[in-house]
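Inside the fold
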Amino acid sequence: MNRDEERSQTTDDHATTEQASGATESSNVEEAVEQVPEKAPEHEGITERMPENAPPETGAPETRVEVVEVRKGMFGARGTGDTSGYGGLRRAVAMPGSSSRPFGGDLDAMADSFDAALRDEGIDDAIEKVVVHRGEITFYIRRQHLLRTVQQLRDDAALRFELCSGVSGVHYLEDTGRELHAVYHLLSMTHNRRIRLEVACPDADPHIPSVVAVYPTADWHERETYDFFGIIFDGHPALTRIEMPDDWPGHPQRKDYPLGGIPVEYKGATIPPPDQRRAYN
């Protein structure tokens, strides 16, 4: 084979290699495009922005995600918006939904004992739903059954939740008919367990039975929740404000409470609250 034939053969080999390489790259690109999922709607893409709401791991209880509202902007501005630069934000507020069995660990045995105690008391419909998230269990209780429920949780030998370590309030402004929530943190020193109870009530009827008769430690906690959120705990021995002055208007940790402004000592000027500022863009 002379030099011209060698050059021709080498050129043909290079061409064949480039064609094969190009075909491989094209195939890889096509496979990558096929693997890219379609963009999910905004209310379904919350796990991407909120990893705490990611699907459960294998073996964990199946939990759905519930979107309670979609927040706009940084400060909830209405109309003209605010000047913070965050007016275009859209964020879904998602909470873990109802979980299905098995819950995992000893949670199933404890839940069975709880169900049995409620049936014996004749209030087997007290539990609205059960949520297991991050290894913690929350029982949503219908408010009319709360007092009898906590009585069973404290006194039943298989449960023995002797201590209520705190009562918290939550305000979901857009959760119509369930805007106000009271959350109870219970501890069983006998069985070394912790659970959470959550009770919802509408803003139009913010009444929940007091548990002070069963858990005296809830006294000041219920007063604080009333002070900041306006939940009225029926049967409380002395339901008065505990943080704010007695004549304070409104309940300052509610989502619809005014944000307030900042007085400025310059010719009587003031900086209005963020949701009332004028937008310039």
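Residue positions are given per chain, counting from 1 as you read along its sequence in written order. Local features in this predicted model are restricted to residues whose pLDDT is 70 or higher, and side-chain atom pairs enter the listing and the counts only when it is 80 or higher, whereas totals over whole chains, interfaces and linings include all residues. Each side-chain value is derived from all of the structure's non-hydrogen atoms; neither hydrogens nor water enter the calculation.

1. Overview of the overall build of the chain
Helix and strand definitions follow DSSP, with helices as H or I runs of at least four residues and strands as E runs of at least two, each counted in order from the N terminus. A tally of helices and strands in the chain yields 5 helices and 11 strands. Burial status across the chain gives 33% buried among its 281 residues. In this description, contact between two residues means that some pair of their heavy atoms is separated by no more than 4.5 Å. In the chain, once contacts between residues fewer than 6 apart in sequence are set aside, the share between residues at least 24 apart is 56%. Only the protein chains shown count as cover for residues, with accessible areas throughout obtained via the Shrake-Rupley method and a probe of 1.4 Å. Of the roughly 17400 Å² that the chain leaves accessible, carbon and sulfur atoms contribute 50%. A simple rule labels every residue: compare its accessible area, found with a 1.4 Å probe on the protein chains alone, to the largest value its type can have, and call it buried under 20%, exposed over 50%, or partly exposed in between.

2. As for the confidence of the model for the chain
Here the chain averages 81 in pLDDT, and 69% of its residues register 70 or above. In the predicted structure, residues 25-46 sits below a pLDDT of 50 and forms 10 contacts with residues beyond four places in sequence or in another chain. Here pLDDT means the predictor's own confidence in every residue, given as a number from 0 to 100.

3. A word on the pattern of salt bridges
Any Lys or Arg side-chain nitrogen found within 4 Å of a carboxyl oxygen on Asp or Glu counts as a salt bridge. Here the structure, examined in full by the defined rule, presents 13 salt bridges. The closest approach of N and O atoms between Arg148 and Glu121, which form a salt bridge, is 3.3 Å. Taken together, the positions of Arg148 in helix α4 (residues 146-155) and Glu121 in helix α3 (residues 107-121) put the pair 27 residues apart, joining distant regions of the chain. The salt bridge involving Asp227 is made with Arg241; its shortest N-O contact spans 2.5 Å. Linking Asp227 in helix α5 (residues 218-229) with Arg241 in the loop between β9 (232-234) and β10 (262-263), this pair joins segments that are 14 residues apart in sequence.

4. Brief notes about the environment of Thr190
Summarising the element assignment, Thr190 is placed in the loop between β6 (180-188) and β7 (193-201). Between the alpha carbons of Thr190 and Phe161 there is a distance of 7.8 Å; along the sequence they are 29 residues apart. Polar contact is defined as a pair of N or O atoms within 3.5 Å, subject to the rule that within protein one atom must be able to donate a hydrogen and the other to accept it, and that residues adjacent in sequence are counted only when both atoms are side-chain atoms. A distance of 2.3 Å separates polar atoms of two side chains, one belonging to Thr190 and the other to Glu162.

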